Amino acid sequence: MKINILYIVKTLGSILILETVFMLMASFMALLYGESDIIPMFVSSGIMCFAGLLFFFTGYKANEYLAGRREGMLTVTLTWLLLSFFGMLPFYIGGYIDQFADAYLETMSGFTTTGATVLADIESLPHGVLFWRSLLQWQGGIGMVVFTVALLPMFGGSASQLYDAEVTGFSHDRFRPRVTQVAKRLSSVYIFLTLLFTLLLWAGPMNFYDALNHAMAGISTGGYSTKNESIAYWDSAYVEYVMMFCMCIGGMKLPLFFFALKGDFRQFRNDEETRWYLLFIVAFIVITVAWLFYNGYETGVDDVENTIRKGAFQVISLATTTGYVTSDFISWGQFYWLIALFLMIICGCGGSTSGGLKMGRALILVKNMYNEFRKQTHPAAILPVRVNGRVISQDVIHRVQIFLLVYILLIGFNWMFLLLNGLNFEEALGMAVATISNAGLSLGSLGDGNLHNLSAVSKWCISFLMMVGRLEVFTVLTILLPGFWKR
């Protein structure tokens, strides 16, 4: 069957129209502060709205019932490409980022919640553009497509294929029978958590504007800041503890909070992936703090709490792929570089805003490996892999193993590519892992996630692989296979 192009065009138009609403929010923020970004923001909003209307009415007569998985995968991939193109317009038109590749990378990094930046002086940007930058990550965290799924019935569209292509992974539980209901409830929980952390940060030394920006970037595990020094700017233990809590929640399954807000805490208590995620973070906090004390990093005779806080903050930031920093973790030595890479690879839970391999997949791989060792002495034993008391099928285990293989191959490809483009060994490795895991931070001179000095070719490659990582590999790479385009 032919690919339903009209359905894809109509859906992309719907997404661009909805995205215009978000850009207008940033435009009114620019208007509120009366800075140089008013015209660039409103002009960009107009261009995006025009493109959205053109797409929508071009595909208006699309037969949505002829849309399948191919249409869903194409739509989601093109959504990220188009949103990054139109989303970069305020940066480019306003002259805040003068190179096309840089502006596109900055926007893709935002939408994919990677958090890497090309900006040398973040504080020089006007308030509207900075707010738009944070809003990119906030949308990318929940997935712009999930927002669209929640509102798609307004446009007469089908939601299921989009949801399946966007909310990827080895499983995703639809805790309501209709996909649109799932998306609406996820969005509601996401908005509630954002407002909660905005108020908590506002109660500290942050003003409301900074609190809102950091709540959006924290809960989306994105890592963009309004300050050059990131969270370290405030030099506040209160801010750091609130952000640790915010990032940690961002790395957990959003559906669990829906049940918790209804008073059902059994889902949290019984979810094995969440338990291992929290144990994983606690274990590496202990290792990190012990390493800091042993080597005298970030330590003072009278300030044990500061060392524990700095170590805990960096572990949570890395493990959730947020990318905030309060200390120069690169100076903590090469052993900690290895820990940082490991944290960026495993990352948060499935159904969270984090990138990376995900704790659920790691749990399946470890349990399956343990069973293989047991079979060496009990070859006739039937040893199923169980998660949350349920048997994981061999098909799911196989897909998780393939995901790991492709994930490692992409890291290797990107590592070699960056080496060919002039990066040294550790910088290329750190950026390869950070890109596919949407982590933002790296190693060496790129440790703070600033990519300004990379070549244009490297920036385009990184932008593409950020999207591949955000959509968890298969959605994008499947489109590149010749068989995808055959009837």
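Residues numbered from 1 in each chain as written. Predicted model: local features only at pLDDT ≥ 70, side-chain atom pairs only at ≥ 80, totals over all residues. Heavy atoms only, no water.

## A short note on the environment of Arg309
Then comes step 1: The topology assignment puts Arg309 in helix α15 (residues 304–319).
Then comes step 2: In this structure, the C-alpha to C-alpha distance between Arg309 and Thr326, residues 17 residues apart in sequence, is 9.6 Å.
Then comes step 3: Ignoring anything within four residues of it in the chain, the contact list for Arg309 reads Ala237, Glu240, Tyr241 and Met244. (Helix = DSSP H or I, 4+ residues; strand = E, 2+ residues; numbered from the N terminus. Contact = heavy atoms within 4.5 Å.)

## Some words on the packing of aromatic side chains
Then comes step 1: According to the stated counting rule, one finds 27 aromatic pairs in the structure shown.
Then comes step 2: Between the aromatic rings of Trp332 and Tyr336, the centroid separation amounts to 5.0 Å while the plane-to-plane angle is 70 degrees, which identifies the pairing as edge-to-face.
Then comes step 3: Since its relative accessible area comes to 0%, Trp332 is described here as buried.
Then comes step 4: Aromatic ring contacts, followed pair by pair, group Phe85, Phe86, Tyr92, Phe100, Tyr104 and Trp460 into a single cluster. (Phe/Tyr/Trp six-rings, centres within 6.5 Å; stacked < 30°, edge-to-face > 60°. Buried < 20%, exposed > 50% of the residue type's maximum accessible area, 1.4 Å probe, protein only.)

## Considerations on helix α16 (residues 334–346)
Then comes step 1: Compared with the 18 Å implied by 1.5 Å per residue over 13 residues, the 19 Å span of α16 between its first and last C-alpha is a close match.
Then comes step 2: Inspection of α16 places Tyr336, Trp337, Ile339, Ala340, Leu341, Leu343, Met344 and Ile346 among the buried residues, and these make up the whole buried set.
Then comes step 3: Looking at the residues trailing α16, positive phi occurs at Cys347, about 65 degrees. (Expected span 1.5 Å × (residues − 1).)

## Things to note about the packing of helix α19 (residues 425–437) against helix α20 (residues 456–470)
Then comes step 1: The interhelical angle for the contact between α19 and α20, taken along N-to-C directions, is 50 degrees, at an axis separation of 6 Å. With respect to α20, the element α19 is oriented oblique. Listed contacts from α20 to Met431, Thr435 and Ile436 of α19 are Ile462, Leu465, Met466, Val468 and Gly469.
Then comes step 2: Per-class residue counts for the contact of α19 with α20 are six nonpolar, two polar and no charged. (Axes fitted to C-alpha atoms, helices over the stretch in contact; angles between N-to-C directions. Parallel < 35°, antiparallel > 145°, perpendicular 65-115°, else oblique. Nonpolar A, V, L, I, M, F, W, Y, C, P; charged D, E, K, R; others polar.)

## With respect to the nonpolar core
Then comes step 1: Counting 129 residues, the largest nonpolar core has Trp132, Tyr336, Leu343 and Leu451 as its most contacted members.
Then comes step 2: Each residue touching Trp132, except ones within four places of it in the same chain, is listed here: Glu19, Phe22, Met23, Ala26, Met41, Gly87, Pro90, Phe91 and Gln139.
Then comes step 3: Residues Ile3, Tyr7, Leu12 and Met73 belong to the second largest nonpolar core, which totals nine residues. (Core = buried A, V, L, I, M, F, W, Y, C linked by side-chain atoms within 4.5 Å.)

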